[in-house]
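Here's the letter readout for the chains.
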Amino acid sequence: MSTQNLPQSPEQPPRKPRVAVVFGGRSSEHGISVVTAGAVLKAIDRTKYDVLPIGIARDGRWALTADEPDRMAIVDRRQPSVDELTDAAEGTVVLPLDPASREVVYSEPGSVPKALGEVDVVFPVLHGPYGEDGTLQGLLELSGVPYVGSGVLASAVGQDKEYMKRVFTSFGLKVGPYVVIRPREWENDEPAARKKIVDFAGEHGWPLFVKPARAGSSIGITKVDDLSGLDEAIAEAQRHDPKILVEATLRGREIECGVLEFEDGPRASVPAEIPPPDAHAYYDFEAKYIDSTPGMVPAPLTGEETAEVRRLAVEAFEAAGCEGLVRADFFLTEDGEFVINEINTMPGFTPISMYPKMWQATGIEYPELVDRLVQAALRRRTGLR
């Protein structure tokens, strides 16, 4: 029997890819992550993608949040939080742990769980531990859900400043002098650990920078001018991470460069320069996000210097095995040498952040930047690659 004359079902329009923007988290960078998510939610093309905002509260609970980017901003020097954007204090969002299913489920105590639909890609705009450090990336690998940004290893390397420097050194990239104090060293012999830092200062001079080894956004960092400020700086760094990193001061200009994954591989943006902030001892959290100290884009470098820092930024991206995006931070020393300070595998992505500003100066506006990152994630498979 011919089916030619039977009524035909109308064709369903193809489903738009669904992007879960995941933000907040348990780290001290929770508020900046919320601000970043607000910018991404404003910029993402709603005609091209369905969007599901998912916030991670400070206690680690995953919550369905309001899709209201205007509420996700710093107001009167106060940072926003996920708790302010959730409707139910006890409802939770759960990703599947079955790679055959990408169904996201929302549940509340005493209610039947509700399916929120499949997620095609996760945009994890989390900064710091429990989000940018490979932990969330591992969960997404287990779930079989593609995601924006670097994988487990590169994310972990990019978060731990000690191992980041070790990887860079092994690939021939120059890093500045540093010393690490691990938790066991401090717990077992505090005087010996302190002496290790004092001896380092004797070799490289004051001031030193004392940092949490696995934190970002310049949180927990102290510039220490002499021995009298050392203990307080160590305590501040240990509030954020039991492992601390101590760096010698590098005399030179702060230069940043963005790296973005294109179809044919990673490319570098025009670089930017961060001038010394007038009201701050260095480019700290307040200077970056509260007072919005402006950077110079593009950086006033020679053609040779610009080409060199762009080359080194891509080299750092490849050395750490990164994917998607990276912001690479350098010092251009007084003798004309670029020394890499660190990379950020999920850099600040707010409207005032240097990463999108550098790409804007390179010819890619913020909405296109977001789209390219999502498309790069959709092209990649999870698992070994």
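The shown structure was predicted, so the numbers you read here are calculated from the model rather than taken from an experiment.

K.L.:
Hey, could you run me through the overall build of the protein chain in this one?
P.N.:
When helices and strands are counted, the protein chain shows eleven helices and 16 strands. Of all intrachain contacts in the protein chain linking residues separated by at least 6 positions in sequence, the fraction that spans at least 24 positions is 66%. Carbon and sulfur atoms make up 51% of the accessible area of the protein chain, which amounts to about 17,600 Å² in all.

K.L.:
Explain the sheet that holds strand β2 (residues 50–56) here, please?
P.N.:
Each strand in a sheet pairs with another by means of backbone hydrogen bonds, the pair being arranged parallel or else antiparallel. Judged by pairing direction, the sheet is mixed, and its four strands sit side by side in the order β3-β2-β1-β7 without closing on themselves. Edge positions in the open sheet fall to β3 (62–64) and β7 (121–124), since each of these has one partner strand only. The sheet shows a mean angle of 30° between the axes of neighbouring strands, taken without regard to direction. One ladder, built from three bridges, connects β2 with β3; its direction is antiparallel.

K.L.:
Would you mind going over the pairing of strand β13 (residues 265–268) with me for this structure?
P.N.:
The pairing of strand β12 (residues 252–262) with β13 spans four bridges and is antiparallel. Within β13, the residue paired with E261 across the bridge is P266. Taken together, β12 and the strand that follows it, β13, pair antiparallel across an intervening segment of two residues.

K.L.:
Please explain the nonpolar core as it appears in this structure.
P.N.:
Generally speaking, nonpolar side chains in soluble globular proteins are found buried as a group. V21, F23, F123 and F349 are the most contacted members of the largest nonpolar core, which has 34 residues in total. Every element with two or more residues in this core is listed here: β1 (18–24), α1 (30–43), β7, β12, α10 (354–362) and α11 (366–379). If you look at the next biggest cluster of nonpolar residues, it comprises 27 residues, including I255, L301, V326 and A328.

K.L.:
I keep staring at the sheet that holds strand β9 (residues 208–212) and nothing clicks. Help me out?
P.N.:
On the basis of which strands lie adjacent, the open sheet formed by four strands has the order β8-β11-β9-β10 and antiparallel pairing. For this open sheet the edge positions go to β8 (178–181) and β10 (222–224), each flanked by a neighbour on one side alone. Across this sheet, the average inter-strand angle for adjacent strands is 25°, counted without regard to direction. Summarising the sheet, β9 and strand β11 (residues 244–248) pair through five bridges and their orientation is antiparallel. Bridge assignment links P212 to a residue of β11, and that residue is I244. Lying over the sheet, helix α6 (residues 190–204) contacts β8, β9 and β11, oriented at roughly 175° with respect to β8. Here helix α7 (residues 230–238) sits on the sheet and contacts β9, β10 and β11; the angle it forms with β9, its principal contact strand, is near 25°.

K.L.:
Explanation requested: the packing of aromatic side chains in the structure shown.
P.N.:
The description of two aromatic rings rests on the distance between their centres and on the angle between their planes. Following the criterion strictly, the structure yields five aromatic pairs and no others. Here F123 and F349 contribute two aromatic rings whose centre-to-centre distance is 6.3 Å and whose plane-to-plane angle is 70°, an arrangement assigned as edge-to-face. With a gap of 226 residues between them, F123 in strand β7 and F349 in the loop between β16 (338–344) and α10 connect regions that are remote in the sequence. The exposure classification of F123 matches that of F349, with both residues buried. Measuring from centroid to centroid gives 6.2 Å for F330 and F338, while their planes differ by 80°, and the two rings are edge-to-face. Of the two residues, F330 and F338, neither departs from the other in class, the shared state being buried. Counting every residue linked through ring pairs, the aromatic cluster contains F123, F349, Y355 and Y366. Seen from the ring of Y130, R26 lies directly overhead, with NZ or CZ sitting 4.0 Å from the centre. A cation over a ring is seen here: R267 above F262, with NZ or CZ 4.0 Å from the ring centre.

K.L.:
How should I be thinking about the environment of E203 in this particular structure?
P.N.:
Structurally, the position occupied by E203 is in helix α6. E203 sits in the exposed class, given a relative accessible area of 62%. With 26 residues separating them along the chain, E203 and P177 place their C-alpha atoms 10.0 Å apart.

K.L.:
Would you mind going over the packing of α1 against α11 with me for this structure?
P.N.:
Packed helices, taken two at a time, are described by the angle between their axes plus the distance between the axes. Where α1 meets α11, the axes come as close as 9 Å, and the angle between the chain directions of the two elements is 95°. One finds that α1 runs roughly perpendicular with respect to α11. The segment α1 lies against α11, with T36, A39, V40 and A43 engaging Y366, P367 and V370. Taken together, the residues that form the contact of α1 with α11 break down as six nonpolar, one polar and no charged.

The rules behind the values
- Starting from 1, residues in each chain are numbered consecutively following that chain's sequence as written.
- Restriction of local features to residues with pLDDT of at least 70 applies here, the model being predicted, together with a cutoff of 80 or more for giving and counting side-chain atom pairs; totals for whole chains, interfaces and linings are based on all residues.
- To obtain the side-chain values, all non-hydrogen atoms of the structure were used and water was disregarded.
- In DSSP terms, a helix is any run of H or I states spanning at least four residues, a strand is any run of E spanning at least two, and both are numbered starting from the N terminus.
- By the convention used here, residues are in contact when the closest approach between their heavy atoms is within 4.5 Å.
- Residue burial considers only the protein chains on display, and all accessible areas are found by Shrake-Rupley using a 1.4 Å probe.
- We treat two strands as partners when DSSP finds at least two bridges between them.
- A fitted line through C-alpha atoms serves as each axis, taken over the contacting stretch for helices, and the angle formed by two N-to-C directions is quoted from 0 to 180°.
- Working definition of a nonpolar core: buried Ala, Val, Leu, Ile, Met, Phe, Trp, Tyr and Cys residues. They are joined through side-chain atoms within 4.5 Å.
- Relative accessible area decides the class of each residue, using a 1.4 Å probe on protein chains only: under 20% of the type maximum gives buried, over 50% gives exposed, and in between gives partly exposed.
- By convention, a stacked pair of Phe, Tyr or Trp rings (six-membered ring in the case of Trp) has centres within 6.5 Å and planes under 30 degrees apart, an edge-to-face pair has planes over 60 apart, and any other such pair is tilted.
- Only when the NZ of Lys or the CZ of Arg is both within 6 Å of the ring centre and within 35 degrees of the ring normal is a charge said to sit over the ring.
- Any angle between 65 and 115 degrees counts as roughly perpendicular, while under 35 counts as roughly parallel, over 145 as roughly antiparallel, and the rest as oblique.
- Three residue categories are used. Nonpolar comprises Ala, Val, Leu, Ile, Met, Phe, Trp, Tyr, Cys and Pro, charged comprises Asp, Glu, Lys and Arg, and polar comprises the others, including Gly.

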